[in-house]
Amino acid sequence: MTSTAAAPPPPRAYRRLSVEERRAQLLVAALGLFAHRAPDEVSLDEVAVAAGVSRPLVYRYFPGGRQQLYEAALGSAADELKLCFTEPPVGPPTERVARVLDRYLRFVDEHDTGFSALLRGGSVVETSRTTTIVDGVRRAAAEEILSHLGRIGGAGAPGAGATGSAGPRLRMMVRSWIAAVEAASLIWLDEGKQPPAAELRGWLVDHLIALLAATAATDEETATVVRDLLALETSDGPAGRLAELVIPVVAEAAHLLPHATAAD
């Protein structure tokens, strides 16, 4: 009698990975570990297990050991983080920034422990090279934000919609805001990721608007940027909602204004 049992599937053909594919595989495995533990707590043996390869193979690709692997993984993560700040120049600027922050906070959430160890500078594997990588992300983030304000940060081709180089006050303001976003992200992790990410994002957008307004009061370039930005905003967008909340509060400060002098 002929058996009707199904024949076992043929064994899957083995495919040797290219050098680039194998390196990428090891970086993905390393990033998965660095995302949840401080870099100095991750061993090459753990990376090998996570990647399903031998320890000597990890050394073959990263002969400098954990330090070289960490720097390569950090560079890969930095490239991913830079992409968080890339946003088409479509729609009101504050809504673009809100979308940028949504991606940024999602990255922070998914790489919480590694992100915290990196930015606090507490890792024993931190070097001037890793610091340069992180600073490169900060500068790239500032350039992207300035491009949405119609400016570029310095030398180089303008971003879409940019009309000229940003002056020192505007550059300093944007870089200060980037630093505040970093600090808020670390505090957010310390506080158990509270408030919810969407609420934190809205608060950070409000901070940017407030910093722009304060700087515009004494810097003509920033005042021009703010006028151009407000012309693109809507009443139901971030700038409109903040204006609705702040204007009544500011109205209470009318007594601080100099008294109008009578006409001669």
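Heads up: these notes are all about the structure in this document. Just so you know, these numbers come straight off a predicted model, no measurement behind them. Here, residues in each chain are numbered from 1, in the same order as that chain's written sequence. Where local features are concerned, this predicted model is filtered to residues with pLDDT of at least 70; where side-chain atom pairs are given and counted, the filter is 80 or more; whole-chain, interface and lining totals use all residues. Neither water nor hydrogens contribute to the side-chain values; these are computed over all heavy atoms in the structure.

**Description of the pattern of salt bridges**
No. 1: Any Lys or Arg side-chain nitrogen found within 4 Å of a carboxyl oxygen on Asp or Glu counts as a salt bridge. For the structure on display, the rule yields 10 salt bridges.
No. 2: In this structure, the salt-bridge partner of glutamate 87 is arginine 103, at a minimum N-O distance of 2.9 Å. Residue glutamate 87 is located in the loop between helix H4 (66-84) and helix H5 (93-110), and its partner arginine 103 is located in helix H5; the two are separated by 16 residues in the primary sequence.
No. 3: Using a relative accessible area of 10% as the deciding quantity, one classes glutamate 87 as buried.
No. 4: Here lysine 193 ties to aspartate 112 by a salt bridge, and the two come within 3.2 Å at their closest N and O atoms. Taken together, the residues span a long stretch of sequence, with lysine 193 in the loop between helix H8 (168-190) and helix H9 (197-216) and aspartate 112 in helix H6 (residues 112-120) at a distance of 81 residues.
No. 5: Whether a residue is buried, partly exposed or exposed follows from its accessible area with a 1.4 Å probe, protein chains only, as a fraction of its type maximum: under 20%, in between, or over 50%, in that order. The exposure class assigned to lysine 193 is partly exposed, which follows from its relative accessible area of 25%.
No. 6: Several salt bridges converge on common partners, so that one network encompasses Glu87, Arg99 and Arg103. Secondary structure elements are taken from DSSP: a helix is a run of H or I of four residues or more, a strand is a run of E of two residues or more, and numbering for both begins at the N terminus.

**Here we look at unusual backbone geometry**
No. 1: With an omega of 5°, the peptide bond between glutamine 194 and proline 195 qualifies as cis.
No. 2: Of note, proline 195 is situated in the loop between H8 and H9.
No. 3: Non-glycine residue lysine 193 carries a positive phi angle of around 60°.

**Here we look at the environment of valine 100**
No. 1: By secondary structure assignment, the location of valine 100 is in helix H5.
No. 2: A residue is classified by how much of its surface remains accessible, and valine 100, at 1% relative accessible area, is buried.
No. 3: Put simply, valine 100 and threonine 86 are 14 residues apart on the chain and 7.2 Å apart in space, counted from C-alpha to C-alpha.
No. 4: Only heavy atoms enter the contact rule, under which two residues are in contact if any of them lie within 4.5 Å. Ignoring sequence-local partners within four residues, the contact set of valine 100 consists of Cys84, Phe85 and Glu87.

**Here we look at a nonpolar patch on the surface**
No. 1: Together, Leu245, Val246 and Val250 give the surface a local cluster of nonpolar side chains, amounting to about 270 Å² of exposed area.
No. 2: Inspection of the secondary structure puts valine 246 in helix H11 (residues 238-251). Patch building starts from residues that exceed 30% relative accessible area and form no salt bridge, then joins like charges within 9 Å and nonpolar side chains (Val, Leu, Ile, Met, Phe, Trp, Tyr) within 5 Å. Shrake-Rupley sampling with a 1.4 Å probe provides the accessible areas, and residues are treated as covered by the protein chains on show and by no other component.

**Description of the environment of methionine 172**
No. 1: Checked against the element boundaries, methionine 172 lands in helix H8.
No. 2: It is 9.6 Å that separates the C-alpha atoms of methionine 172 and alanine 142, two residues lying 30 residues apart in sequence.

**Quick word on the packing of helix H7 (residues 128-148) against H8**
No. 1: The axes used here are C-alpha line fits, helices contributing only the stretch in contact, and every angle between their N-to-C directions lies in the interval 0 to 180 degrees. Packing of H7 against H8 brings their axes to within 9 Å, and their N-to-C directions diverge by 125°. In this view, H7 runs oblique relative to H8, as classed from their interaxial angle. Handedness of the crossing formed by H7 with H8: right-handed. Listed contacts from H8 to Asp135, Arg138, Arg139, Ala141, Ala142, Ile145 and Leu146 of H7 are Leu170, Arg171, Val174, Arg175, Trp177, Ile178 and Glu182. We call two directions roughly parallel when the angle between them is under 35 degrees, roughly antiparallel when it is over 145, roughly perpendicular when it lies between 65 and 115, and oblique otherwise. Should the near helix be turned counterclockwise from the far one by less than a right angle, the crossing is left-handed, whereas a clockwise turn marks it as right-handed.

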